[in-house]
Amino acid sequence: MSTAAVAVAVLFLALGVLGFIPDITSRFDDLRLAGQHSGARLFGVFEVSVLHNLVPLVSGVGGLALARTASGARTFLIGGGAVYLVLWVYGLAIEQDSAANFLPVNDADNWLHLGLGIGMIVLGVLTGRRR
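Cut-offs and rules
Residues numbered from 1 in each chain as written. Predicted model: local features only at pLDDT ≥ 70, side-chain atom pairs only at ≥ 80, totals over all residues. Heavy atoms only, no water. Phe/Tyr/Trp six-rings, centres within 6.5 Å; stacked < 30°, edge-to-face > 60°. Helix = DSSP H or I, 4+ residues; strand = E, 2+ residues; numbered from the N terminus. Buried < 20%, exposed > 50% of the residue type's maximum accessible area, 1.4 Å probe, protein only. Contact = heavy atoms within 4.5 Å. Pairing = 2+ DSSP bridges. pLDDT = per-residue confidence, 0-100.

**Notes on the packing of aromatic side chains**
What characterises a pair of aromatic rings is the spacing of the ring centres plus the angle enclosed by the ring planes.
Item 1. Counted according to the given criterion, the structure contains three aromatic pairs.
Item 2. Ring geometry for Phe12 and Phe76: centres 6.5 Å apart, planes at 90°, overall edge-to-face. Here the residue Phe12 occupies a position in helix H1 (residues 3-18), and Phe76 occupies one in helix H3 (residues 70-93), the gap between them amounting to 64 residues.
Item 3. Given a relative accessible area of 1%, Phe12 falls into the buried group.
Item 4. Among the aromatic side chains, those forming a connected cluster through ring pairs are Phe12, Phe76 and Tyr84.

Spelled out as structure tokens, the structure:
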């Protein structure tokens, strides 16, 4: 079992759950299923919707399942990191006020997705090295 993969998976689970908790998520009454009109902000910064909160929950569950083996943990970290880099590119490519912003994402989300993507890939590479 990879401690790094478990830690990342637990972080994702926590973030997904926190997105559904009023006061931790500001403007909770503005939480929408999806789309750029969700005014809810996790920690007052990261734009979230129900769909956006489900992404880290699914990532966390998948990460815990894959972390049981070294190859699965590496797949989760590197593959998941690649997915978060795709989310970063998506956030850069769309207009935040358009219907294409269905997750929704803002500039803070974009920076978070970049950091998560790079961090996960680095962890996957470093923890995958033979000792």
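The rest of the description comes next.
**Section: the environment of Gly91**
Item 1. Take Gly91: it is sitting in helix H3.
Item 2. Relative accessible area serves as the criterion here: at 4%, Gly91 is assigned to the buried category.
Item 3. Taking the C-alpha atoms as reference points, Gly91 and Gly35, separated by 56 residues in sequence, lie 13 Å from one another.
Item 4. When near neighbours in sequence (up to four residues on either side) are disregarded, Gly91 contacts Val105 and Asn110.

**Notes on the sheet that holds strand S2 (residues 41-42)**
In sheet architecture, strand pairing relies on hydrogen bonds along the backbone and comes in two forms, parallel and antiparallel.
Item 1. Judged by pairing direction, the sheet is antiparallel, and its three strands sit side by side in the order S1-S2-S3 without closing on themselves. Either end of the sheet is taken by a strand with one partner, and the two such strands are strand S1 (25-26) and strand S3 (46-47).

**Digging into the confidence of the model for the protein**
Item 1. Averaged over every residue, the pLDDT of the protein is 92; the share at 70 or more is 97%.
Item 2. No element of the protein has a lower mean pLDDT than S3, at 92, and none a higher one than H1, at 96.

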